[in-house]
Amino acid sequence: MIHSYGPLLGSHVLLAAVGLMPAHEQAYGVVRPGGIISRVGVPQYEKAPIGFCSLFAKNARLAGGPAPVHASIEQTIPEVLEGAGAHG
């Protein structure tokens, strides 16, 4: 769908927040050459394609790290459900 908005350019930045291989594959499929795939959370897979036929060929970057939500989850969830606070 993203490719339908332009001449196969794709998106310059993607956020893969699920941590599963299908999310990584989808992000790779729509990232434009020179773009960035940023992962949030801990990937639930050991192997991801990063060789010449994947990230290297597109000159795409893979970034990200764990999301330490446990430190604030007990306070944050009630605030979000109540519509309070400035989250985001």
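The rules we used
- Residues numbered from 1 in each chain as written.
- Predicted model: local features only at pLDDT ≥ 70, side-chain atom pairs only at ≥ 80, totals over all residues.
- Heavy atoms only, no water.
- Helix = DSSP H or I, 4+ residues; strand = E, 2+ residues; numbered from the N terminus.
- Buried < 20%, exposed > 50% of the residue type's maximum accessible area, 1.4 Å probe, protein only.
- Contact = heavy atoms within 4.5 Å.
- Areas by Shrake-Rupley, 256 points an atom, 1.4 Å probe, with all protein chains shown as cover.
- 1 Å grid on protein atoms, 1.4 Å probe; cavity = no way out; pocket = protein on both sides within 12 Å on 5 of 7 lines; lining within 4 Å.
- Points joined across faces, edges and corners; volume = space filled by probe spheres on them.
- Nonpolar A, V, L, I, M, F, W, Y, C, P; charged D, E, K, R; others polar.

Peer 1: Help me understand the overall build of the protein, please; the structure alone is not making it clear to me.
Peer 2: For the protein, the count of helices and strands is three helices and three strands. Relative to its 88 residues, the protein shows a buried fraction of 22%. Taking all contacts inside the protein whose residues are at least 6 apart in sequence as the whole, residues at least 24 apart take part in 57%. Entry remark: accessible area of the protein is about 6,500 Å², with carbon and sulfur atoms responsible for 63%.

Peer 1: Would you mind going over empty space enclosed by the protein with me for this structure?
Peer 2: Which parts of space are left empty comes out when a probe the size of a water molecule is rolled across the atoms. Counted under the stated rule, the structure contains one cavity of 30 Å³ or more. The space that makes up the largest cavity amounts to roughly 50 Å³. Together, Ala16, Gly19, Leu20, Ala23, His24, Arg39, Val40, Gly41, Val42, Pro43 and Tyr45 line the largest cavity. Of all the secondary structure elements, the ones that give two or more residues to the lining of the largest cavity are helix H1 (21-30) and strand S2 (31-40). Class assignment for the residues of the lining of the largest cavity results in seven nonpolar, three polar and one charged.

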